[in-house]
Amino acid sequence: MKLATLRALITTIDEGSLRSAAKRMQVSQPAMTKMVRELELELSTTLLVRTSKGVLPTAQGKALYERALTVCRELGTAVDEISQLSGKMVGTLHIGAVPLAVMLLIPETLRTFGREFPDIQLRVSEELYLAQMQRLRAGHVDIAISGIPGGLSSGEFIVEPLLSTSMVVVVRKGSPLAQATSLTELASAKWVYTGASSSTASDTGYAKLLYEHHSLPAPPVGAVVNSTLVLLSLVASGDFVGLMPQQIASHPMAAPFLSVVPVAEGGYPLTVGAIVRSDAVVSPAIRHCIAHLHRAAYQISSKISF
């Protein structure tokens, strides 16, 4: 099985058309068709089916596509790592970060890391914790920057704590709920949970963790979101209650629309850290990036009292 034929399959499925794939790979359409056909003959199966709108992968094609993506990604990473070990800092680094990290850590890290290693491209995607872990496990991101949950497997991940924060209770400006002084008074309110689905949110949401931290039953799920922007929109425009990092709640972009509820129990303490897979090779670029994240976190910690 040749790497070129695997790339031909990946590109064809991504493009949904042999013609577009051939153009992207800068080969003729017959050559592209021949490479895909070579894979099909080698595996004695059909990988693509033609439709009126282009081509679609069969079940076998989808299976090979996922494995081929991993193979090409790992080979690319190996090439970058070999160059880095030889002193040539080149390549691409993929970072998945929670909104707090995007606001506070990423800008300074991009500035200092980019200045020291201009030939390494940093790709940053904003994601919530559950999506980050899925992408980290699949190898789609090299570093996840997230709140460090309890019970995170030390055998599966390596964790570098960066900074501490508090997940504070927030409601819209002018909401009667802003007068609450305890979590018990908010127990029947409509809480916004974050998660990929209602089941995962109710199992792992910070609202549940905050209430359990004080030996209280978790409040009912009023809505489930997988985006901080949606969380902000719901809380700022309705009678919902949410939890968000203190630094976001007090940020000039959010503070005019939100009130932090002064509950006696306080917020939920959270440590934000850099997480990498323990079975992945920690390349020089990853090590240097984490060092720059530590530097950015130190600067923030010296300015902000949590």
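Residues numbered from 1 in each chain as written. Predicted model: local features only at pLDDT ≥ 70, side-chain atom pairs only at ≥ 80, totals over all residues. Heavy atoms only, no water.

Attention now goes to the overall build of the protein chain. On a plain count of helices and strands, the protein chain comes out with 12 helices and 11 strands. In the protein chain, buried positions account for 43% of the 306 residues. Taking contacts inside the protein chain between residues at least 6 apart in sequence as the whole, the part at least 24 apart equals 74%. (Helix = DSSP H or I, 4+ residues; strand = E, 2+ residues; numbered from the N terminus. Buried < 20%, exposed > 50% of the residue type's maximum accessible area, 1.4 Å probe, protein only. Contact = heavy atoms within 4.5 Å.)

The subject of this paragraph is the packing of aromatic side chains. Counting across every chain of the model gives 3 aromatic pairs. Their ring planes at 55° and their centres at 5.0 Å tell us that Phe113 and Phe117 sit as a pair that is tilted. Looking at Phe113, the relative accessible area reads 0%, which means it is buried. Taking 5.6 Å as the distance between ring centres and 90° as the angle between the ring planes, the aromatic pair formed by Trp191 and Tyr211 counts as edge-to-face. Highlighted residues: Trp191 in strand E7 (residues 190–194) and Tyr211 in helix H9 (residues 206–213), separated in sequence by 20 residues. Judged by relative accessible area, which is 0%, Trp191 ranks as buried. You can call Tyr211 buried: its relative accessible area is 1%. Residue placement shows Lys190 over the ring face of Phe240; its charged tip is 4.6 Å from the ring centre. (Phe/Tyr/Trp six-rings, centres within 6.5 Å; stacked < 30°, edge-to-face > 60°. Lys NZ or Arg CZ within 6 Å of the ring centre and 35° of its normal.)

Bringing the pattern of salt bridges into the picture now. Within this structure, the stated rule accounts for 7 salt bridges. Here Glu40 and Arg37 are joined by a salt bridge, their closest N and O atoms 3.5 Å apart. Taken together, the positions of Glu40 and Arg37, both in helix H3 (residues 29–43) and 3 residues apart, correspond to about one turn of that helix. On the basis of relative accessible area, Arg37 is assigned to the partly exposed category, the value being 43%. Ionic pairing is found between Arg111 and Glu108, a salt bridge with its closest N-O pair at 2.7 Å. Placement of the pair is Arg111 and Glu108 together in helix H6 (residues 106–116), with a separation of 3 residues, close to one helical turn. (Salt bridge = Lys/Arg side-chain N within 4 Å of Asp/Glu carboxyl O.)

It is worth spelling out the confidence of the model for the protein chain at this point. In this model, the protein chain carries a mean pLDDT of 85, and residues with pLDDT of at least 70 account for 90%. Per-element mean pLDDT across the protein chain ranges from 47 in helix H8 (residues 198–204) up to 95 in strand E10 (residues 258–260). Low pLDDT, under 50, characterises residues 197–202; the predicted model gives this stretch 12 contacts beyond four residues in sequence or across chains. (pLDDT = per-residue confidence, 0-100.)

Tracing the chain through its elements places Asp142 in the loop between helix H7 (129–137) and strand E5 (143–147). No salt bridge is formed by the buried Asp142; the nearest opposite charge belongs to Arg277, separated by 6.9 Å. There is a polar contact of 2.8 Å between the side chain of Asp142 and the backbone nitrogen of His94. With near-sequence residues (within four places) excluded, Asp142 lies in contact with Thr92, Leu93, His94, Leu136, Ile275, Val276 and Ile286. (Lys, Arg positive; Asp, Glu negative; His and termini not counted. Polar contact = N/O pair within 3.5 Å; in protein donor to acceptor, adjacent residues only side chain to side chain.)

The subject of this paragraph is the environment of Val141. If you trace the backbone, Val141 turns up in the loop between H7 and E5. Look at Val141 and you get buried, because its relative accessible area is 4%. For the pair Val141 and Arg277, spaced 136 residues apart in the sequence, the C-alpha separation amounts to 9.8 Å. In contact with Val141, other than residues within four places in its own chain, are His94, Ile95, Gly96, Gln132, Arg135 and Leu136.

Further remarks concern the environment of Leu64. Here Leu64 is to be found in helix H4 (residues 59–85). Taking the C-alpha atoms as reference points, Leu64 and Leu9, 55 residues apart in sequence, are found 8.7 Å from one another. What Leu64 contacts, discounting residues up to four positions off in sequence, is Met1, Leu6, Leu9, Leu39, Leu43 and Leu47.

Once that is clear, we can look at the pairing of E7. Note: E7 against strand E9 (residues 240–245), 2 bridges, orientation parallel. Looking across to E9, one finds that Lys190 is bridged to Phe240. Sheet topology note: the E7/strand E8 (residues 221–225) ladder contains 4 bridges and is parallel. Residue pairing across strands places Trp191 opposite Val221, the latter belonging to E8. (Pairing = 2+ DSSP bridges.)

This next bit is on the packing of helix H2 (residues 18–25) against H3. As a packed pair, H2 and H3 sit with axes 8 Å apart at the nearest point and diverge in direction by 105°. Taken together, the axes of H2 and H3 are roughly perpendicular relative to one another. Here H2 contributes Leu18, Arg19, Ala21, Ala22 and Met25 to the contact with H3, which in turn contributes Gln29, Met32, Thr33 and Val36. Looking at side-chain class alone, the contact of H2 with H3 contains 6 nonpolar, 2 polar and 1 charged residues. (Axes fitted to C-alpha atoms, helices over the stretch in contact; angles between N-to-C directions. Parallel < 35°, antiparallel > 145°, perpendicular 65-115°, else oblique. Nonpolar A, V, L, I, M, F, W, Y, C, P; charged D, E, K, R; others polar.)

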